[in-house]
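# Topology and contacts: notes
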Amino acid sequence: MTTLKLTRRQALATTGAAALTTTLARPALAETSIRLGALRLTSHSPTYIALERGYFTEEGLNVDLAFFESSAAAAVAVAGGDLQYGVTAISGGLMNLAEKGAVKVIGGALSEDADVQGAVILASNAAYENGLTDPSKLAGRTFGTTSAGSSFHYMLSRIAAQHDIAMSEITMRPLQKVGAVIGALKSGQIDAWVILPSIANRLIAEGAAKKIGDFSDYDPNYQVTAVFTSSDIAANERAQTEAFLRALSRGVADYNAAFVDKTAEAAEVDALVKIVHKYVNVDTPEDVFARSLTGASMRINKDLALSTTSVAEQVEWMQAEGLVSDSITMEMLVDPSYVATS
């Protein structure tokens, strides 16, 4: 198990680069059409960058985006063959599909990083005024999620465990869609939530919620989202899958340089903001959106490296909570042959 952040990052970066560069010299595929699932969130920025900059096309891939409101729906679409690839949160639904032999995780994406602002724990204005000023006071409160077994459910469990709060003392409100959770928090129908900083900081700036904590204090190595495909594609379409991962990794590199590491030139940052804004928060003025994206973006793993340590912890928690079968193994869920793992 890797516990030191620097060690983990070095391992992911070094072996991830080696894993992908072994295929860089291969010729592009003959034109191949694929459908890729996405959510209209800034965490999916590398997808939009790779599409708009032609990185997929250069690999011989003709990509059609399909948009979803939840991680669970995207996982079902991949399992059913409606999508070839998805990038979404690791959920109980995804694990159950893996047990049936339908899907495989083939890479990592969004992750917590101790050096970068991560997910923010929020309280509604009403709850804050009523004493919910830090996460240790969540007992007796309501907490928003999309569904049981979602990443929000998992994050809540980690917060509660650190403060010795029984999950039975917190009322979880499954609202299916991120937009519905936002509306419930703003209107005071739920007391608390934990969400990406781009969304959280906007709500705070609008005066619609209050920050009460950082999730990195509870799980600084959390692998939030992953890249996945069908088990059939993972096993039998290796050239296509490697091409897809190479193209998406180029989008990740652009995103991290511009919005996380801040090493890109101003003109490059402006160009990438325009690309992402075509797909995310399109009704928000571009200058407002730009401040959100450049001011609070979480890291996406270089070369889509995957923290199998974090994934295993999530599987163990899901099993302990009775949300997935005890028979699910990491071998069922993850194909570790595509990217670096740690």
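Everything here concerns the structure above.
These remarks concern the structure in this document. Remember, it's a predicted structure, so these values are computed and weren't measured experimentally.

### A few points about the side chain of Thr42
On the secondary structure map, Thr42 appears in the loop between strand E1 (32-38) and helix H2 (45-52). We classify Thr42 as buried; its relative accessible area is 9%. Looking at Thr42, its side chain comes within polar contact range of the side chain of Ser198, at 2.8 Å. Apart from the residues within four sequence positions on either side, Thr42 is in contact with Ser198, Tyr255, Val280, Phe289 and Leu293.

### Things to note about unusual backbone geometry
Here Asp164, not a glycine, exhibits a phi torsion of approximately 55°, which is positive. On the secondary structure map, Asp164 appears in the loop between helix H7 (151-162) and strand E7 (171-174). Residue classification places Asp164 among the exposed positions, given a relative accessible area of 72%. With a phi angle near 60°, Leu304 is a residue other than glycine that sits in the positive phi range. Take Leu304: its relative accessible area is 1%, and that puts it in the buried class.

### With respect to the nonpolar core
Core analysis: the largest hydrophobic core is formed by 108 residues, its most contacted members being Phe56, Leu138, Trp193, Leu203 and Phe244. Looking at this core element by element, the count peaks at 10 residues for helix H11 (residues 238-260). In this view, Leu138 contacts Leu132, Phe143, Leu156, Ile159, Ile165, Glu169, Ile170 and Ala192; residues no more than four positions away in its chain are not counted.

### Structural notes on the packing of aromatic side chains
Taken as a whole, this structure holds 11 aromatic pairs when the rule is applied. Following the ring pairs from residue to residue traces out a cluster consisting of Tyr154, Phe215, Tyr218, Tyr222 and Trp317. Across from the ring centre of Tyr338, 4.0 Å away, lies the NZ or CZ of Arg238, which sits over that ring.

### Re the pairing of strand E10 (residues 225-230)
Counting buried positions along E10 yields six of six residues, so the element is predominantly enclosed. Two strands pair when backbone bridges link them, and strand E3 (residues 85-89) and E10 are joined in this way by five bridges, in the antiparallel orientation. Residue pairing for E10: Thr88 is matched across the bridge by Ala226. Here five bridges tie strand E4 (residues 103-108) to E10, and the two strands are oriented antiparallel to one another. Within E10, the residue paired with Lys104 across the bridge is Thr229.

Rules of the game
Residues numbered from 1 in each chain as written. Predicted model: local features only at pLDDT ≥ 70, side-chain atom pairs only at ≥ 80, totals over all residues. Heavy atoms only, no water. Helix = DSSP H or I, 4+ residues; strand = E, 2+ residues; numbered from the N terminus. Buried < 20%, exposed > 50% of the residue type's maximum accessible area, 1.4 Å probe, protein only. Polar contact = N/O pair within 3.5 Å; in protein donor to acceptor, adjacent residues only side chain to side chain. Contact = heavy atoms within 4.5 Å. Core = buried A, V, L, I, M, F, W, Y, C linked by side-chain atoms within 4.5 Å. Phe/Tyr/Trp six-rings, centres within 6.5 Å; stacked < 30°, edge-to-face > 60°. Lys NZ or Arg CZ within 6 Å of the ring centre and 35° of its normal. Pairing = 2+ DSSP bridges.

Remember that the coordinates give geometry; whether it matters functionally is a separate question.
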